[in-house]
Amino acid sequence: MNEKLLKGLIYFSGIVCLYAFIAIRSLPLFNLVMNEKMVPYYWDKTRYGELYYFNFIKYFKEKGLPPAKEKFQFTNKQASLNEAKIITFGDSYFDFSRHKQFPERIADTLNVKVYFYHGDFPLVVFAKNKFKNKEPKILLYERVERYIPYAFEKENTPYFSVDTRSKLRKTFANIKDDIFYARTEELLDALLKRSIFTTGIYSFISKLKFDLFKYISPLTPVYCLGKERPWLFYYDQTNGEKTSFYYHHSDSEMNNICDNMADLAGKLKKEYNIRLIYLPLPAKYTLYHNVVNNDEYNNFLPRLYDGLTKRGVEFINVYEDLKNSGDILYYGTDGHWNEKGIRITLNKTLEYFKNDSTLGKYF
Amino acid sequence: MLFNSLEFIIYFPIVVALYFAITPRYRWILLLIASYYFYMCWNYKYIILIITSTLIDYFAGIHIYKTKTQWKKRIFLLLSLISNFGLLFSFKYFNFFGDTLNFVFDKFNLFYHLPELNVLLPVGISFYTFQTLSYTIDVYRGEKEPERHFGFFALYVSFFPQLVAGPIERSTRLLPQMRQHFKFDYERVKNGILQMCWGFFKKVVIADRLAEYVNMVYNNTGSYDGIHYIIATVFFAFQIYCDFSGYSDIAIGTASIMGFDLMRNFRRPYLAHNISEFWKRWHISLSTWFRDYLYIPLGGNRVVKWRWYYNLFITFLISGLWHGADWTFIIWGALHGFYLVSAIWTLNIRKKFNNAIYGRNQSLSNFVQIIITVFLAWFAWIFFRANNIGNAFHIINKIFTQLFAQPLEFYLHIAGIAILIVALIGLNKLAERVKLTDTSKNLVKAGKWLLCLPAAYFIINACVIYLKSTSIPINLFKFKSDLYIAIITIVLLIIIEILEERIQLHNKLKYFAKPVKWMMLILILLSIVVLGKWESIDFLYFQF
């Protein structure tokens, strides 16, 4: 009896594991067992705040996030680089899927065609798309402060490597990638944490570990179970790295960043007739670290503004507006801003456009 | 693929289910594909090294056997040795020897620089090359007939449970098993699963937890006090033991489920009475490999004394080099060689000393011997773990400086402990020499226990004074509870090991009531899930 049971168990677990093995390579099979579906371009894992999903501890489940929306970048509202009057580059703040996205709002408010690219290095993107431009355009370049040190660590150049492999080699590489799938561990981890069969158990164990030993994901080491809402902070804002609230950038590091930002603005103006306006955003920990401590800010954004002003580089200063608004503008257990945060920034951006009479010729 | 990864947790049940589902005749094909897949998940290109090694040794083995003349046999053996050591040297040691030679050239103002090879160290290369080498040497010695079935031989080289971190199996043991058709054996499968669980417990609950503290201290040498280095070294001793023996347990359990019997690699090494015994209990598959293929061919102990010492020392020096291409590993090996040679030198003196001190009290003598052996082995780990020799000496210096810079109170406690030990030994001697009545015997026994109480008090107090002598917090874990969990699990491990050593705990467990056994299994599983660190930290021995 025992032997039959054990053998049966082995076959059963073999079948379940075989399903998992195939499912991580096949989106329909994967989504079949998931609580929240994966869409081809991105994870829609922000229903309860994206930082909650690193932990699955129920105390950090933020409720009241609006349902996910289709990303502007993948709708027919997205204009091409040639058509667009305003080109936008940005990170997940610009295309946070729980709200109408920032580039889409600009397009609708100003009634102009807007192109959005999620990422950095406009010169590379333009070169890859063989984009040639003569008519005046605006490039609104958003970056949350923690990414700025890396995005502008080096001079921006239009160079990129071209895949020169033959078709046969590419096919072989694709087959190899399917067999030795690079995202195996990540997707199996997602299956374990978020499948309809396991999420409850995983969540229970996580809560137990938190209750007993205060274990929390190393990705969100700083947290606070506030009276009004829980708070989780992403590790790269709280450690000692360049992305962090605590890292003191030397003058030469700041100068290097500002020089590279100015250099990019100059190149875009000269080669593409594009006027570059930066929109640096404060990180969540910069605005709300006081919910966990009274540590001193490294003043990255004010120093950046100073450096850009000295070099005559255009930027929109939203730090003070966001800091002094008196409202909570970012989600507690998500890394992004909420509707109020988006609105303040949008108004400030529109005000900037309105106040500059020379901007009229652009749209 | 790591054993402690989700990928393996998915991969293994698929392989086992298919293994028992298909006809035994074709199982070797499944296992060969599974083994190659297992290795290629880490780096698919490097499978070419395993296949090369397999091909060379397969044909070398056959030709060694076929050839009648001795010199031709030697040539084929040499071909196998050169190609295997060549692979090992190119990927593991070339840069180390290059750097060393460059350093020497610089010292002599010779402006020639050997180039650096920019290659990734293939995981497990030291293990599978040694395994295949043992095969060709065995065939050469006539101890084994060559394997004619290429598939079985390829599987012997690449068998996934022990491919990347051993045990280094001998062809005489493992190859015949490749031909066997194992039936589903309930007891074997059950025991295999239990052994895997125990291995996972050691790896993810103990070793990976301790790794946080050890890495913090050893990677930031200069930032901590002596006490931190002592704690980190003790933790490292348990980390490496649990990491490596945990891997071996998972490997043996994995193989056992499918019917294969892999050799035991660890036998409670920290309960050894001397360093020689330590090496009979630690990484047994490697130490026996060195014994059979290096130490004995060098002449072993059947030579003049100086040559015996040389054989011992050189064997351990090379064993150190096997562990890693760095001077720290060489010093570690040399230190063990030195321990063994000095143990032989001092054998008579130690015997006399033991008789004088402990007399017939064997248990006290054993206890002291274990403590000394553990101290020597742990001291050597400092070199093994340190990032470079400078760091190792810095750590040793810090440990002893802080030890000698204690307040008078600390030394008074140490003196107190010493006096109590002398008194204890004196009492022991007295009890041996004088004929005692039963009542007096009981009185002496009670006296011994009475002496133990203040001794324990002095030891605890001395530790407290020592702990207080640092301004840096002792608990360096990110989650403070991890220190307590680490200590509790280490104590639990020691208790289990002592019980296993003394009463063969695993045999006794058979007679436990079923609910008790189930409860124990559930406890282990729960602790793996709740207390385990599942961040896929590499097994330490992968780097060798």
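Residues numbered from 1 in each chain as written. Chains lettered and ligands numbered in written order. Predicted model: local features only at pLDDT ≥ 70, side-chain atom pairs only at ≥ 80, totals over all residues.

Just checking my understanding: could you explain the overall build of chain A for this structure?
Across its full length, chain A carries 14 helices and 8 strands. Each principal axis of the C-alpha atoms in chain A carries an extent, and together these give about 85 × 60 × 40 Å. Residues counted as buried form 36% of the 363 residues belonging to chain A. Of the contacts formed within chain A by residues at least 6 apart in sequence, a portion of 72% connects residues at least 24 apart. (Helix = DSSP H or I, 4+ residues; strand = E, 2+ residues; numbered from the N terminus. Buried ≥ 20, exposed ≤ 12 C-beta atoms within 10 Å, placed from the backbone. Contact = placed C-beta atoms within 7 Å.)

How should the overall build of chain B be read in this particular structure?
Secondary structure assignment for chain B yields 21 helices and 0 strands. Its C-alpha atoms give chain B a radius of gyration of 26 Å, near enough to 24 Å, the size a compact globule of 544 residues would have. Its C-alpha atoms give chain B principal-axis dimensions of about 75 × 70 × 50 Å. Burial statistics for chain B: of 544 residues in total, 36% are counted as buried. Pairs at least 24 residues apart make up 75% of the contacts formed inside chain B by residues separated by at least 6 positions. (Rg over C-alpha atoms; globule rule 2.2 N^0.38 Å.)

What exactly am I supposed to notice about the sheet that holds strand β5 (residues 137-144) of chain A here?
Within a sheet, each strand pairs with its neighbour through backbone hydrogen bonds, oriented either parallel or antiparallel. Residue and element names in this part refer to chain A. Read across the sheet, 4 strands follow the order β4-β3-β5-β8 without closing on themselves; strand pairing throughout is parallel. One side of each edge strand has no neighbouring strand; the edge strands of this open sheet are β4 (114-118) and β8 (274-281). Each neighbouring strand pair of the sheet contributes to a mean axis angle of 15°, computed without reference to strand direction. The pairing of strand β3 (residues 86-90) with β4 spans 5 bridges and is parallel. By the bridge assignment, Thr88 is partnered in β4 with Phe116. Contacts from helix α10 (residues 251-272) reach β5 and β8 within the one sheet, and its direction differs from that of β8 by about 150°. (Pairing = 2+ DSSP bridges. Axes fitted to C-alpha atoms, helices over the stretch in contact; angles between N-to-C directions.)

Can you walk me through the packing of helix α13 (residues 327-345) of chain B against helix α15 (residues 362-385) of chain B in this structure?
Between two packed helices, the angle of one axis relative to the other and the distance separating the axes together describe the packing. All names here are of chain B. Between α13 and α15, the least distance of the axes is 8 Å, while the angle of their chain directions is 160°. Classed by the angle they form, the pair α13 and α15 counts as roughly antiparallel. Crossing hand, α13 versus α15: right-handed. Note on element contacts: α15 touches α13 through Leu376, Ala380, Phe383 and Phe384, opposite Thr328, Phe329, Ile331, Trp332, Leu335, His336 and Tyr339. Taken together, the residues that form the contact of α13 with α15 break down as 9 nonpolar, 2 polar and no charged. (Parallel < 35°, antiparallel > 145°, perpendicular 65-115°, else oblique. Left-handed = near helix turned anticlockwise from the far one by under 90°. Nonpolar A, V, L, I, M, F, W, Y, C, P; charged D, E, K, R; others polar.)

For this particular structure, what's the right way to read the nonpolar core?
Proteins that are soluble and globular tend to have nonpolar side chains buried together. Within the largest apolar cluster, 126 residues are counted, with the highest numbers of intra-cluster contacts made by Val16(B), Leu210(B), Val214(B), Ala232(B), Phe235(B) and Phe383(B). No other element matches helix α9 (residues 226-257) of chain B, which puts 18 residues into this core. Beyond its immediate stretch of four places on either side in the chain, Phe383(B) contacts Thr328(B), Ile331(B), Trp332(B), Leu335(B) and Ala392(B). Counting residues in each nonpolar core, the second largest holds 71 residues, with Ile57(A), Phe126(A), Phe152(A) and Tyr272(A) among its members. (Core = buried A, V, L, I, M, F, W, Y, C linked by C-beta atoms within 7 Å.)

Please clarify how the domain arrangement of chain A should be interpreted in this entry.
It is common to report an interface's size as the accessible area lost on association of the parts. All names here are of chain A. Each assigned domain of chain A is listed with its residue range as follows: domain 1 (2-65 + 168-215) and domain 2 (72-164 + 238-362). Here the C-alpha centroids of domain 1 and domain 2 sit 33 Å apart. Counting residues at the interface gives 11 residues for domain 1 and 8 residues for domain 2. Broken down by class, the residue content of the side of domain 1 that touches domain 2 amounts to 6 nonpolar, 2 polar and 3 charged. (Domains from an automatic or database assignment.)

Which parts of the structure should I look at to understand helix α12 (residues 305-323) of chain B?
Given 3.6 residues per turn, any residue in an α-helix points the same way as the ones three and four places further on. Residue and element names in this part refer to chain B. Here α12 contains 19 residues, and its C-alpha end-to-end distance of 28 Å stays within 8% of the 27 Å for a straight helix at 1.5 Å per residue. Residues of α12 that are buried: Asn311, Leu312, Thr315, Phe316, Leu317, Ser319 and Gly320. Contacts made by the buried residues of α12 are with α11 (284-295) and α13. (Expected span 1.5 Å × (residues − 1).)

Whenever I open this one, the interface of chain B and chain A confuses me. Can you help?
Each partner contributes to the interface: chain B provides 21 residues, whereas chain A provides 26 residues. No other element matches the 9 residues that helix α1 (residues 6-21) of chain B contributes to the side of chain B that touches chain A.

How should the pairing of strand β7 (residues 230-233) of chain A be read in this particular structure?
For a regular strand, side chains alternate in direction, first toward one face of the sheet and then toward the other. Residues and elements named next belong to chain A. Burial along β7 is two-sided: Pro230 and Leu232 facing one way and Trp231 and Phe233 facing the other are all buried. Here strand β6 (residues 222-225) runs beside β7; their pairing, made up of 4 bridges, is antiparallel. Paired with Tyr223 across the strands is Leu232, a residue of β7. The antiparallel hairpin formed by β6 and β7 contains 4 residues in its connecting segment.

Looking at this structure, I do not really get the packing of helix α1 (residues 2-23) of chain A against α1(B). What am I missing?
Across the interface, α1(A) lies against α1(B) with an axial gap of 8 Å and an inter-helix angle of 130°. Relative to α1(B), α1(A) is oriented oblique. Pair α1(A) / α1(B) crosses with left-handed handedness. Across from Ile10(A), Tyr11(A), Ser13(A), Gly14(A), Ile15(A), Cys17(A), Leu18(A), Ala20(A) and Phe21(A) in α1(A), the residues of α1(B) making contact are Ile10(B), Pro13(B), Ile14(B), Val16(B), Ala17(B), Leu18(B) and Phe20(B). Taken together, the residues of the contact of α1(A) with α1(B) sort by class into 14 nonpolar, 2 polar and no charged.

Quick question: what am I supposed to make of the environment of Glu70(A) here?
Residues and elements named next belong to chain A. Along the chain, Glu70 turns up in the loop between β2 (42-43) and β3. By C-beta crowding, Glu70 is classed as exposed, having 12 other C-beta atoms within 10 Å. A sequence separation of 27 residues divides Glu70 from Ser97, and the C-alpha atoms of the two residues are 6.8 Å apart.

When you look at the confidence of the model for chain A in this model, what are you seeing that I'm missing?
Close inspection of predicted coordinates is inappropriate in any region flagged by low pLDDT. Per-residue confidence for chain A gives a mean pLDDT of 89; residues scoring 70 or more make up 97%. Looking across chain A, the model is least confident in β2(A), with a mean pLDDT of 62, and most confident in helix α12 (residues 300-310) of chain A, with 95. (pLDDT = per-residue confidence, 0-100.)

Would you mind going over helix α14 (residues 339-355) of chain A with me for this structure?
Residues and elements named next belong to chain A. End to end, α14 covers 24 Å across 17 residues, agreeing with the expected 24 Å (1.5 Å per residue, within 8%). Of the residues making up α14, those classed as buried are Gly341, Ile342, Thr345, Thr349 and Phe353. Buried positions in α14, seen along its axis, are confined to an arc of 105° and lie on one side of it. For α14, exposure combined with an orientation more than 90 degrees from the buried face picks out Glu339, Glu351, Lys354 and Asn355. (Arc of directions from axis to C-beta.)

Sorry if this is basic, but what is going on with the environment of Ile421(B) here?
With respect to the secondary-structure elements, Ile421(B) resides in helix α17 (residues 408-433). With 75 residues separating them in the primary sequence, Ile421(B) and Thr346(B) have C-alpha atoms 23 Å apart.

What exactly am I supposed to notice about the environment of Gly192(B) here?
All names here are of chain B. Relative to the assigned elements, Gly192 resides in helix α8 (residues 186-218). According to the C-beta neighbour criterion, Gly192 is buried, with 22 such atoms within 10 Å. It is 9.3 Å that separates the C-alpha atoms of Gly192 and Ala251, two residues lying 59 residues apart in sequence. The residues touching Gly192, leaving out its near neighbours within four places in the chain, are Gly253, Thr254, Ser256 and Ile257.

Looking at this model, I keep getting lost on the pairing of β8(A). Mind explaining?
Residues and elements named next belong to chain A. By the criterion of burial, β8 is predominantly enclosed, with 7 of the 8 residues buried. Pairing between β5 and β8: 8 bridges, direction parallel. Bridging across to β8, Tyr141 finds its partner in Tyr278.

Which parts of the structure should I look at to understand unusual backbone geometry?
Peptide bonds are trans in most cases, and residues, glycine excluded, mostly fall at negative phi. A positive phi angle, close to 50°, is found at Lys130(A), a residue other than glycine. Examined against the element boundaries, Lys130(A) turns out to sit in the loop between α4 (122-128) and β5. Residue classification places Lys130(A) among the exposed positions, given that 7 C-beta atoms sit within 10 Å. Positive phi values are uncommon outside glycine, yet His283(B) reaches one of about 40°. Locating His283(B) in the fold gives a position in the loop between α10 (275-281) and α11.

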